[in-house]
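The primary structure of each chain is shown beneath.
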Amino acid sequence: MKVRIKFAKSGAMRFIGHLDIMRYFQKAIRRADIDVAYSEGFSPHQIMSFASPLGVGLTSNGEYLDIEVKTHAGAEDMKQRLNKVMVGGMEILNVTMLKEDAKNAMASVAAAEYTVRFRQGYEPGFDWPDRLMEFYHSPSIIVAKKTKKSEMTLDLKPFIYRLSLLGKGGTAPAVRMLVNASSSGNVKPGLVMEAFLRANGEELSPFALEIIREDTYADVGKEGEPHFVPLDAIGMEF
Amino acid sequence: MSELALRDEILLQVEKPARYIGNEVNAVIKDKSQVDIRVAMCFPDVYEIGMSHLGIQILYDMFNRFDDVWCERVYSPWVDLDKKMREEKNIPLFVLESQEPVRDMDFLAITIQYEMCYTNILQVLDLSRIPLRAKDRSWEHPIVIGGGPCVYNPEPIAAFFDIFYIGEGETRYRELLNLYKEYRKQEKSREEFLRAAAKIPGMYVPRFYKVEYNEDGTIQSMLPTEEGIPERIVKEVEMDVSHTYYPEKPVVPFIKVTQDRVVLEIQRGCIRGCRFCQAGQIYRPVRERDLDMLKRYALAMLRNTGHEEISLSSLSSSDYSRLPELIDFLIEKCGEKKINISLPSLRIDAFSLDVMGKVQDIKKSSLTFAPEAGSQRLRNVINKGLTEESILQGAALAFQGGWTRVKLYFMLGLPTETEEDIKGIAELANKIAAVFFETVPKDKRTNGKVQIVASTSFFIPKPFTPFQWAPMCTKEEFLEKAYATRSAIKQQLNQKSIKYNWHEADISVLEGVFARGDRKIADVIELAYKKGCIFDAWSEFFKGDVWMEAFEELGIDMAFYTTRKRELDEIFPWDFLDCGVNKEFLKREWKKALEETVSPNCRAGCQGCGANRFGGGVCFENTGKGYGNGNEGKD
Ligand code: SF4
């Protein structure tokens, strides 16, 4: 049976990279004594698929991985077992079941939502909350994209599905954005912010942003009419 | 969760920030207001190396079982962070669990596993803002205590330590901690505490000893400076290895480390008595762990870590008497959970090949032989009981079983070595290749050709071995020998199947100085460190020229420590320590070596080394009473 696990990553765990998170879960699943399925061959490994790698330094409230289990005692039991073996900063949020023909987590990712703040001392020199929506509503957002061979320009606009200002007038305003996170058009929130600052004549320093991934989404809409739902909305209770 | 000691900016700029954040599975977090003693346990090398060390895991577990103690870990910051910490000057080195400064701990316990980490010890002290020299410390600083194999000659680093713990950590730490609590409560001075500590068995407190030298630079005497301080310090041994501390929940690192697996120590010590090997002497007598204990711990550790591999650990594992039962048990239990079993240091024979065939992918694994010397004559000198016949037989069996890769380990520069012995290395490698072509018909060579990798290290005489009297080669001699080995291999018929590697010579020479060094070496280590030497065990960071400069500036002659011929009655810097085997035994073995005579192992015939005084282990296996009365081995 295919199972989708939703988890949050916070605190010091933001410094653990994607490959190490994969290793972490392989060991956690053993510690939790989950009856997981293995691949065949001389060095069998757990059948496992992660939705979208999270960059080092980011925290998240909506990460996903799919595993395959042979037997189980219900979603709640699995969630509890896993939470019992987590370290601080890792929390299992829910466990759902997938249909046999469902796309795996990685293939399902279409978009991700982020909350972005400036770290203290790294706020831009201009009154950025007032300028944000003007920037977003401009007809195109052109950025330079360096590849190994050449430098191209790219319009980010079609890849930003939603963007808004949070906590306007408060002490720590933030940007919330829903952007493309599919394998073909993944947009890093830092790139959007860099474009925003450049449009206002400033450069983004590499450590200026504190970024939280809020959730990861699949597109269940029709061609040309996207409808984004969190990846766990595809799963079913069990 | 505690605040991190390093800012995000720093953590995002250094390679592998996971080295510095703690928070690993099974890391122990305690409420600091509820403990009396804080211990920083340090392995002075990078996290991935330090985290792989079993001894630290054992002591970490032991300390944290004490309710009044919180033991945390610290490793050497890698060169990138080291640089930042020196630039910024306001980030003191911290322990991983609480992320609090090492300087605020009560004890800084450093395990010293190899000589080439000595500058890293200074790095840890320096970055912690602890004075490098023990004499400059006050109660504002932790008690710096050293342990591990290198403390069997602690003299080159004696100036940097308040205490050395000689021997196995399981036995005396509780006593030391109690003393500490009592003395702190009574507001006694640091000096008073150290004086009292020096009277606990196994504790060496360098400041209470004075060394007098002869005119030629050798030692005339080493004596306590005060009444009541012991003249000799006997190593500590845990005799009941089946009912003692062992971790059920080892810490599981996030990043891949050298030992990314459960490690099960099946026995301590080695019965073999190879004459170059320090471990084979200082861990005597051999003590086996109980099979049931090992089974229980294996399952508990696998359950608590989630590791996908378990490895047996000991010197010469094949000598563990219950090995077949243990392996059967592991194969059964691990098969269910797809857990790999790794079996290092097995003697190659029908049994081990059968086992390895079951637990490893033959195509990917290689066979390891450690003949250490190329000729039977020299193998007799070093008492390595491995014959050419048994190597070739083992290889033939293995080739029939499908193995095609062979690793061979040798040493160059052993006492009495001749050109013939060096040629023997090449010839042995060649014969093994020939065995492959004889035993495996052409159409069966499915896994390609045979690959033989011969590696040589340079022989470094170590304290408390029969070779402690042996002169060591110079760098030039070492390199000559390596070139001679290389050209001898080139002349072999099967040379295309043989690859040859050798170890760096100048690192070996320095290691030789440290291994048999005295207190005068401390200045060199400090000077080299101040000139930028660090991570000397890593060839990419080893600065041979800077070390040479340091020796020259201080007028210290390396040859005095390495190539000099030592007389049988010379007092060595480490002679005030008693590692269990007595000097008379070592002398006998040294003489037998020069006569090319072998000594049987502990099970085949006790040599009366003296370790039977600990009252257990292999010495009492057959008779129930210690048969090693000291006379058996005498000529
Ligand atoms: S006393 Fe004999 S049996 Fe015991 S360790 Fe020494 S040589 Fe081996």
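A.B. asks: Help me out: how do you make sense of the overall build of chain B in this one?
C.D. replies: On a plain count of helices and strands, chain B comes out with 20 helices and 19 strands. Here the C-alpha atoms of chain B give a radius of gyration of 25 Å, agreeing with the 26 Å that 2.2 N^0.38 yields for 635 residues. With the C-alpha coordinates of chain B rotated into their principal frame, the extents come out at 75 × 65 × 55 Å. Out of the 635 residues in chain B, the part that is buried amounts to 61%. Within chain B, counting contacts between residues at least 6 apart in sequence, those at least 24 apart form 76% of the total. With an accessible surface of roughly 24,900 Å², chain B has 49% of that area assigned to carbon and sulfur atoms. For chain B, the distance from the average position of its 86 positive side-chain charges to the average position of its 97 negative side-chain charges is 3 Å.

A.B. asks: Help me understand the overall build of chain A, please; the structure alone is not making it clear to me.
C.D. replies: Looking only at helices and strands, chain A features 5 helices and 11 strands. Over its C-alpha atoms chain A spans a radius of gyration of 20 Å, differing by no more than 12% from the 18 Å that the globule rule assigns to 238 residues. A burial count over chain A gives 50% of its 238 residues as buried. For chain A, contacts bridging at least 24 residues in sequence account for 70% of all contacts bridging at least 6. Surface summary for chain A: the accessible area is close to 11,800 Å², and the carbon and sulfur share equals 51%.

A.B. asks: I tried to follow the packing of helix α10 (residues 323-336) of chain B against helix α11 (residues 350-359) of chain B on my own but got confused; where do I start?
C.D. replies: Any two packed helices are characterised by the angle at which their axes cross and by the distance between the axes. Residue and element names in this part refer to chain B. In contact at an axis separation of 11 Å, α10 and α11 are set at 10 degrees when each is read in the N-to-C sense. The angle between α10 and α11 places the two elements in the roughly parallel class. From α10, Leu323, Pro324, Ile327 and Ile331 reach across to α11, where they touch Phe351, Val355, Lys358 and Val359. Of the residues that constitute the contact of α10 with α11, the class distribution is 7 nonpolar, no polar and 1 charged.

A.B. asks: What is the right way to read the environment of B:Arg516 from this model?
C.D. replies: All names here are of chain B. Residue position: Arg516 is located in the loop between α16 (505-515) and α17 (521-530). Exposure remark for Arg516: the relative accessible area of 2% places this residue in the buried category. From its side chain, Arg516 meets the backbone oxygen of Ala470 in a polar contact 2.9 Å long. A distance of 3.1 Å separates a polar side-chain atom of Arg516 from the backbone oxygen of Thr562.

A.B. asks: Looking at this structure, I do not really get the packing of helix α13 (residues 388-401) of chain B against helix α14 (residues 419-439) of chain B. What am I missing?
C.D. replies: Residues and elements named next belong to chain B. Contact geometry for α13 and α14: axes closest at 9 Å, N-to-C directions at 35 degrees. Here α13 runs over α14; the crossing is right-handed. Only Leu428, Lys431, Ile432, Val435, Phe436 and Thr439 of α14 make contact with α13, whose side of the interface consists of Glu388, Ile391, Leu392, Ala395, Ala396, Phe399 and Gln400. Looking at the contact of α13 with α14, its residues break down into 9 nonpolar, 2 polar and 2 charged.

A.B. asks: I would appreciate a short explanation of the domain arrangement of chain A in the present structure.
C.D. replies: As a measure of interface size, the accessible area lost when the parts come together is often cited. Residues and elements named next belong to chain A. When cut into domains, chain A gives domain 1 (2-107) and domain 2 (109-230). Computed over C-alpha atoms, the centres of domain 1 and domain 2 are 27 Å apart. The partner domain 2 presents 9 residues to the 15 residues of domain 1 that form the contact. Summed over the shared surface of domain 1 and domain 2, the number is 2 salt bridges. Note that Lys6 is salt-bridged to Asp215, the shortest N-O span being 3.0 Å. Where domain 1 meets domain 2, there are 12 residue pairs in polar contact (both at pLDDT 80 or more). Secondary-structure elements contributing two or more residues to the side of domain 1 that touches domain 2 are β3 (59-68) and α3 (105-108). Here the residues of the side of domain 1 that touches domain 2 are counted per class, giving 8 nonpolar, 5 polar and 2 charged.

A.B. asks: Is there a simple way to explain the sheet that holds strand β10 (residues 262-265) of chain B in this structure?
C.D. replies: What links the strands of a sheet is backbone hydrogen bonding, and the strands pair in either a parallel or an antiparallel sense. Residue and element names in this part refer to chain B. Sheet architecture is open: 3 strands sit in the order β10-β13-β14, paired in parallel fashion. The open sheet terminates on both sides in strands that have one partner only, identified here as β10 and β14 (340-342). Put simply, the sheet's adjacent strands are angled 20 degrees from each other on average, direction ignored. Sheet topology places β10 next to strand β13 (residues 309-313); 4 bridges connect them, and they run parallel. Residue pairing in the sheet places Val263 in a bridge with Ser311 of β13. Seen against the sheet, α10 touches β13 and β14 and runs at an angle of roughly 170 degrees to β13.

A.B. asks: Please clarify how the interface of chain A and chain B should be interpreted in this entry.
C.D. replies: Between chain A and chain B, the residue contacts involve 25 residues of the former and 30 residues of the latter. Contact between chain A and chain B buries roughly 2,500 Å² in total, counting both sides, with carbon and sulfur atoms accounting for 60%. Taken as a group, A:Phe15, A:Lys27 and A:Arg30 account for 26% of the area that chain A buries against chain B, more than any other trio of residues on that side. Note that B:Asp8 and A:Arg14 form a salt bridge whose closest N and O atoms lie 2.7 Å from each other.

A.B. asks: Looking at this structure, I do not really get the pattern of salt bridges. What am I missing?
C.D. replies: Oppositely charged side chains can form a pair if their charged atoms are brought close together. By the definition in use, this model includes 78 salt bridges over all chains. Salt-bridge contacts for B:Arg268 lead to B:Glu168; the nearest nitrogen and oxygen are separated by 3.2 Å. Highlighted residues: B:Arg268 in strand β11 (residues 267-268) and B:Glu168 in the loop between β5 (163-165) and α6 (173-185), separated in sequence by 100 residues. B:Glu168 shares its class with B:Arg268; the two are buried. One salt bridge connects B:Arg172 with B:Glu175, and the closest N-O pair in it is separated by 2.8 Å. Each of the salt bridges in this network shares a partner with another, and the network as a whole consists of A:Asp20, A:Arg23, A:Lys27, A:Arg30, B:Lys256, B:Asp260 and B:Glu308.

A.B. asks: Please explain the packing of aromatic side chains as it appears in this structure.
C.D. replies: Note on aromatic pairs: each is described by the distance of the centres and the angle between the planes. This model, assessed by the stated rule, comprises 45 aromatic pairs over all chains. Centre to centre, the rings of B:Phe560 and B:Tyr561 are 4.9 Å apart; their planes meet at 85 degrees, and the pair counts as edge-to-face. Look at B:Phe560 and you get buried, because its relative accessible area is 16%. Here a set of aromatic residues connected by ring pairs shows up, and it is made of A:Phe7, A:Tyr24, A:Phe25, A:Phe50 and B:Phe254. Stacked on the ring of B:Phe66, the Lys or Arg B:Arg174 has its end atom at 4.6 Å from the ring centre. Looking at B:Arg184, its charged tip hangs above the ring of B:Trp139, at a distance of 3.8 Å from the centre.

A.B. asks: Would you explain the domain arrangement of chain B in this entry?
C.D. replies: All names here are of chain B. Domain assignment breaks chain B into domain 1 (36-234), domain 2 (261-355 + 589-635) and domain 3 (361-520 + 556-566). A straight line from the C-alpha centre of domain 1 to that of domain 3 covers 36 Å. If you look at the interface, domain 1 gives 17 residues, while domain 3 gives 15 residues. Here domain 1 meets domain 3 over a buried area of about 1,300 Å², counting both sides, of which 60% is carbon and sulfur. If you sort the residues of domain 1 by the area they bury against domain 3, Glu115, Met116 and Tyr213 come out on top, with a joint share of 40%.

A.B. asks: Just to check I follow, could you spell out the nonpolar core for this structure?
C.D. replies: Nonpolar side chains in soluble globular proteins tend to be buried together. The biggest cluster of nonpolar side chains holds 218 residues, and the ones touching the most others in it are A:Phe25, B:Phe63, B:Leu108, B:Ile112 and B:Phe193. Of all the elements, α14(B) adds the most residues to this core, at 9 residues. Apart from residues lying up to four places away in sequence, B:Phe63 is in contact with B:Lys30, B:Val39, B:Met41, B:Val69, B:Cys71, B:Tyr173 and B:Leu177.

A.B. asks: It is not clear to me how the sheet that holds strand β17 (residues 451-458) of chain B should be interpreted in this structure. Could you clarify?
C.D. replies: Residue and element names in this part refer to chain B. The sheet built from 4 strands is open, its strands ordered β15-β16-β17-β18 with parallel pairing. Strands with a single pairing partner mark the edges of an open sheet, and in this sheet they are β15 (367-372) and β18 (498-502). In this sheet, neighbouring strand axes are inclined to one another by 20 degrees on average, regardless of whether the strands run parallel or antiparallel. Pairing between strand β16 (residues 405-412) and β17: 8 bridges, direction parallel. Each bridged residue has a counterpart across the sheet, and for Tyr409 the counterpart in β17 is Ser455. α13 contacts β15 and β16 of the sheet and is inclined by roughly 170 degrees relative to β15.

Reading the values: the criteria
Residues numbered from 1 in each chain as written. Chains lettered and ligands numbered in written order. Predicted model: local features only at pLDDT ≥ 70, side-chain atom pairs only at ≥ 80, totals over all residues. Heavy atoms only, no water. Helix = DSSP H or I, 4+ residues; strand = E, 2+ residues; numbered from the N terminus. Rg over C-alpha atoms; globule rule 2.2 N^0.38 Å. Buried < 20%, exposed > 50% of the residue type's maximum accessible area, 1.4 Å probe, protein only. Contact = heavy atoms within 4.5 Å. Areas by Shrake-Rupley, 256 points an atom, 1.4 Å probe, with all protein chains shown as cover. Lys, Arg positive; Asp, Glu negative; His and termini not counted. Charge placed at Lys NZ, Arg CZ, Asp CG, Glu CD. Axes fitted to C-alpha atoms, helices over the stretch in contact; angles between N-to-C directions. Parallel < 35°, antiparallel > 145°, perpendicular 65-115°, else oblique. Nonpolar A, V, L, I, M, F, W, Y, C, P; charged D, E, K, R; others polar. Polar contact = N/O pair within 3.5 Å; in protein donor to acceptor, adjacent residues only side chain to side chain. Left-handed = near helix turned anticlockwise from the far one by under 90°. Domains from an automatic or database assignment. Salt bridge = Lys/Arg side-chain N within 4 Å of Asp/Glu carboxyl O. Pairing = 2+ DSSP bridges. Buried area = accessible area lost by both parts, 1.4 Å probe. Phe/Tyr/Trp six-rings, centres within 6.5 Å; stacked < 30°, edge-to-face > 60°. Lys NZ or Arg CZ within 6 Å of the ring centre and 35° of its normal. Core = buried A, V, L, I, M, F, W, Y, C linked by side-chain atoms within 4.5 Å.

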